Amino acid sequence: GQNIDQPTEMTATEGAIVQINCTYQTSGFNGLFWYQQHAGEAPTFLSYNVLDGLEEKGRFSSFLSRSKGYSYLLLKELQMKDSASYLCAVFNDYKLSFGAGTTVTVRA
Amino acid sequence: EAQVTQNPRYLITVTGKKLTVTCSQNMNHEYMSWYRQDPGLGLRQIYYSMNVEVTDKGDVPEGYKVSRKEKRNFPLILESPSPNQTSLYFCASSPGTGDNTEAFFGQGTRLTVV
């Protein structure tokens, strides 16, 4: 089966940095995605990692260590609009399995 | 505009009354899938399809059916809905299953079964 863990909630201040960790234990691995989901809306793609290392996209970066079954999403220069749920998902064998999501609240 | 369209957006129905949620994408994507999202459980995959006439079970397929007669459409069928199928449903499509294939999600269908 698939086991994907991420913290339930995180709170940070506007302008700060937050790191959301994701650990996974899956029967196989073909890549890891991060999605952002605002309340009541559809998830939107943030990043994809298939090789070890850091992928940077503007204020968002994602890191992967396949040997450790570990990824993190780094959000820099937090803005109020970054308040949302962040979903870690592992792609394996044509299936995409999601963690329960981390709700990030940005405070002024 | 590239998009995934689900209908209806909201639906209240009674136990046992068959219903279909439609999903259509205009991006010529091969891979499509259905998810349900429940509080504390995240998104769980119901069924997926790798191409026309090719479908397979996800993690929670019980009580659902799908079909893929055309590339653009991937309807979700509940033959006999039950209250435990009350949930938020998302359809998604992606170009394939290779590298960097982000999924595009529809806007969701909030289903209530009473």
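Everything numeric in this text was worked out from a predicted model, so none of it was measured.

Help me understand the pattern of salt bridges in this model?
Any two side chains of opposite charge can pair, given that their charged atoms come close. Applying the stated criterion to the full structure yields seven salt bridges over all chains. For arginine 66 of chain A, the salt bridge is made with aspartate 52 of chain A, and the minimal N-O distance between the two is 3.0 Å. Residue arginine 66 of chain A is located in the loop between strand S7 (60-65) and strand S8 (70-75), and its partner aspartate 52 of chain A is located in the loop between strand S5 (44-49) and strand S6 (53-57); the two are separated by 14 residues in the primary sequence. For arginine 66 of chain A, a relative accessible area of 41% corresponds to the partly exposed category. With a relative accessible area of 43%, aspartate 52 of chain A lands in the partly exposed category. Taking the shortest distance from any N to any O, the salt bridge between arginine 44 of chain B and aspartate 38 of chain B comes out at 2.8 Å. Classification of arginine 44 of chain B as partly exposed rests on a relative accessible area of 26%.

How should the interface of chain B and chain A be read in this particular structure?
How big an interface is tends to be stated in terms of accessible area lost as the parts join. In this complex, chain B contributes 24 residues to the contact, which on the side of chain A involves 18 residues. Together, the buried faces of chain B and chain A total about 1700 Å²; carbon and sulfur atoms form 57% of this surface. Applying the counting criterion to the chain B and chain A interface returns zero salt bridges. Remark: the boundary between chain B and chain A carries three residue pairs in polar contact (both at pLDDT 80 or more). Taken together, the elements giving at least two residues each to the side of chain B that touches chain A come down to strand S4 (31-38) and strand S5 (42-51) of chain B. The greatest single-element share of the side of chain B that touches chain A, amounting to five residues, is contributed by S5 of chain B. Looking at the side of chain B that touches chain A residue by residue, the class counts come to nine nonpolar, eleven polar and four charged.

Hey, could you run me through the sheet that holds S6 of chain A in this one?
For sheets, the rule is that strands pair by backbone hydrogen bonds, running either parallel or antiparallel. Residue and element names in this part refer to chain A. Strand order in the open sheet formed by five strands is S1-S3-S8-S7-S6, with antiparallel pairing between adjacent strands. Both outer strands of the open sheet, strand S1 (3-5) and S6, are each paired with one neighbouring strand and no more. Strand after strand, the sheet turns through a mean of 15° between neighbouring axes, direction not considered. One ladder, built from five bridges, connects S6 with S7; its direction is antiparallel. By the bridge assignment for S7, lysine 57 is matched with phenylalanine 60.

The rules behind the values
- Residues numbered from 1 in each chain as written.
- Chains lettered and ligands numbered in written order.
- Predicted model: local features only at pLDDT ≥ 70, side-chain atom pairs only at ≥ 80, totals over all residues.
- Heavy atoms only, no water.
- Salt bridge = Lys/Arg side-chain N within 4 Å of Asp/Glu carboxyl O.
- Helix = DSSP H or I, 4+ residues; strand = E, 2+ residues; numbered from the N terminus.
- Buried < 20%, exposed > 50% of the residue type's maximum accessible area, 1.4 Å probe, protein only.
- Contact = heavy atoms within 4.5 Å.
- Buried area = accessible area lost by both parts, 1.4 Å probe.
- Polar contact = N/O pair within 3.5 Å; in protein donor to acceptor, adjacent residues only side chain to side chain.
- Nonpolar A, V, L, I, M, F, W, Y, C, P; charged D, E, K, R; others polar.
- Pairing = 2+ DSSP bridges.
- Axes fitted to C-alpha atoms, helices over the stretch in contact; angles between N-to-C directions.

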